[in-house]
Amino acid sequence: MKILVVDDEKVLVKGIKFNLENEGYEVDTAYDGEAAVELARAGAYDLIILDLMMPKIDGLQACMRIREFSNVPIIMLTARSEDTDKIIGFECGADDYLTKPFNILELKARIRAMLRRAGNPVQKEKNTRLAAGHISLDTDERTAWKDDASVELTAKEFDLMELLMRNPGRVYSREKLLNIVWGYDYMGEYRTVDVHIRRLREKLEHDPGNPQYILTKWGVGYYLKNG
């Protein structure tokens, strides 16, 4: 497994690299947002760890640029813990968020969970083509379409949509979705699910403000409409 670690704190990068290489990962490093984008474009990474505050371009801009050509799982690091920063990070395409200072064991756990989910879709099923109205997924190719146009989904967006499409009509609470899609060892917040649902609606629904398929059962959770 190959991981890119990007942070302008060189001592922190060195420590993360040391610990991840001891776990058997291959690790590349960079210290600014522009280098992160260039390396992500040139290299085939299984996961990227990306700091929020960096020179040249910040982590949010770097994340958005990477999302233009890659769905690689991205963990965002930040020294700020405000909910608004986390929401903005998810809006820019991050899959997970870790606030500094963090325990290296927690980072390793999140990496393992994310790589496990990325390499092992929500459920192993024989049916690899799923459809709901104008929305369709190919779970082997990890591709999505809105009508006949290809749509780029992040790893977590795809896993979340696959779960809903494999279980139409079933209502999932935000806690249940966190447990299934992000994993039981995920320590994130319920707002994470809300942001990903909103992004899926923006990408896949014809009218995100009045969705036809990715629906909310108020006070309970989210579900995919049958038929």
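Residues numbered from 1 in each chain as written. Predicted model: local features only at pLDDT ≥ 70, side-chain atom pairs only at ≥ 80, totals over all residues. Heavy atoms only, no water.

Colleague: I'd love a proper account of the overall build of the protein chain, names of residues and values included.
Modeller: Across its full length, the protein chain holds eight helices and eleven strands. Reported as C-alpha extents along the three principal axes, the dimensions of the protein chain are approximately 55 × 35 × 30 Å. Taken across its 227 residues, the protein chain has 51% of its residues classed as buried. Across the protein chain, contacts joining residues at least 24 apart in sequence account for 59% of those joining residues at least 6 apart. Carbon and sulfur atoms form 48% of the exposed surface of the protein chain, whose accessible area is close to 10800 Å². Across the protein chain, the centroid of the 33 positively charged side chains sits 4 Å from that of the 38 negatively charged ones. (Helix = DSSP H or I, 4+ residues; strand = E, 2+ residues; numbered from the N terminus. Buried < 20%, exposed > 50% of the residue type's maximum accessible area, 1.4 Å probe, protein only. Contact = heavy atoms within 4.5 Å. Areas by Shrake-Rupley, 256 points an atom, 1.4 Å probe, with all protein chains shown as cover. Lys, Arg positive; Asp, Glu negative; His and termini not counted. Charge placed at Lys NZ, Arg CZ, Asp CG, Glu CD.)

Colleague: Quick rundown of the packing of aromatic side chains? Include the residues and the values.
Modeller: Within the structure shown, the criterion is met by one aromatic pair. Looking at Lys 2, its charged tip hangs above the ring of Tyr 45, at a distance of 5.1 Å from the centre. Taking NZ or CZ as reference, Lys 10 lies 5.0 Å from the ring centre of Tyr 31, over its face. (Phe/Tyr/Trp six-rings, centres within 6.5 Å; stacked < 30°, edge-to-face > 60°. Lys NZ or Arg CZ within 6 Å of the ring centre and 35° of its normal.)

Colleague: Before we move on, could you go through the sheet that holds strand β5 (residues 96-99) and cite the residues and values that matter?
Modeller: Within the open sheet, the five strands sit side by side as β2-β1-β3-β4-β5. Their pairing is parallel. At either margin of the open sheet sits one strand with a lone partner, and together these are β2 (26-30) and β5. Neighbour to neighbour, the strand axes of the sheet diverge by 20 degrees on average, direction disregarded. When strand β3 (residues 47-51) meets strand β4 (residues 74-78), the two strands line up parallel, connected through four bridges. Bridge pairing in β4 links Ile 48 to Ile 74. Here helix α1 (residues 10-22) sits on the sheet in contact with β1 (2-6), β2, β3 and β4, set at roughly 170 degrees to β2. (Pairing = 2+ DSSP bridges. Axes fitted to C-alpha atoms, helices over the stretch in contact; angles between N-to-C directions.)

Colleague: How would you explain the sheet that holds strand β9 (residues 149-151) if you had to name every residue and give the values?
Modeller: The four strands lie next to each other as β6-β7-β8-β9, forming an open sheet whose pairing is antiparallel. With partners counted over all chains shown, the strands left at the sheet margins are β6 (129-132) and β9, one partner each. The average undirected angle you get between the axes of adjacent strands in this sheet is 25 degrees. Bridge count between β6 and strand β7 (residues 135-138): four bridges; the pairing is antiparallel. Bridging across to β7, Leu 130 finds its partner in Leu 137. Sheet contacts for helix α6 (residues 155-166): β6, β7 and β8 (143-146); angle to β7, the most-contacted strand, approximately 110 degrees. Its contacts with the sheet put helix α8 (residues 191-204) on β7, β8 and β9, and the angle it makes with β8 is roughly 55 degrees.

Colleague: Could you give me a rundown of the pairing of β2, with the residues and numbers involved?
Modeller: Every regular strand shows the same layout, with side chains that alternate between the two sheet faces. The sheet contact formed by β1 and β2 spans five bridges and is parallel. Bridge pairing links Leu 4 to Asp 28 in β2. Read from β1 through α1 to β2, the crossover connection turns out right-handed. (Right-handed = clockwise from strand over helix to strand, strands pointing away.)

Colleague: Tell me about α8, and name the residues and values.
Modeller: Compared with an ideal rise of 1.5 Å per residue, which puts 14 residues at 20 Å, α8 spans 20 Å between its outermost C-alpha atoms and is within 8% of the ideal. Judged by how many residues are buried, α8 sits mostly within the fold: ten of 14 residues are covered. The set of residues buried in α8 consists of Thr 192, Val 193, Asp 194, Val 195, His 196, Ile 197, Arg 199, Leu 200, Arg 201 and Leu 204. (Expected span 1.5 Å × (residues − 1).)

Colleague: Describe in detail the environment of Leu 153, supporting the description with residues and values.
Modeller: Examined against the element boundaries, Leu 153 turns out to sit in the loop between β9 and α6. For the pair Leu 153 and Glu 189, spaced 36 residues apart in sequence, the C-alpha separation works out to 21 Å. In this structure, Leu 153 is in contact with Asn 71, Leu 137, Ala 144, Phe 158, Leu 200 and Lys 203, ignoring residues within four places of it in sequence.

Colleague: Can you tell me about the side chain of His 196, naming the residues and giving the values?
Modeller: Summarising the element assignment, His 196 is placed in helix α8. Look at His 196 and you get buried, because its relative accessible area is 1%. Within polar-contact distance, the side chain of His 196 engages the backbone oxygen of Thr 192 at 2.9 Å. Not counting chain neighbours up to four residues away, the residues in contact with His 196 comprise Phe 90, Ala 94, Lys 156, Glu 157, Leu 160 and Trp 182. (Polar contact = N/O pair within 3.5 Å; in protein donor to acceptor, adjacent residues only side chain to side chain.)

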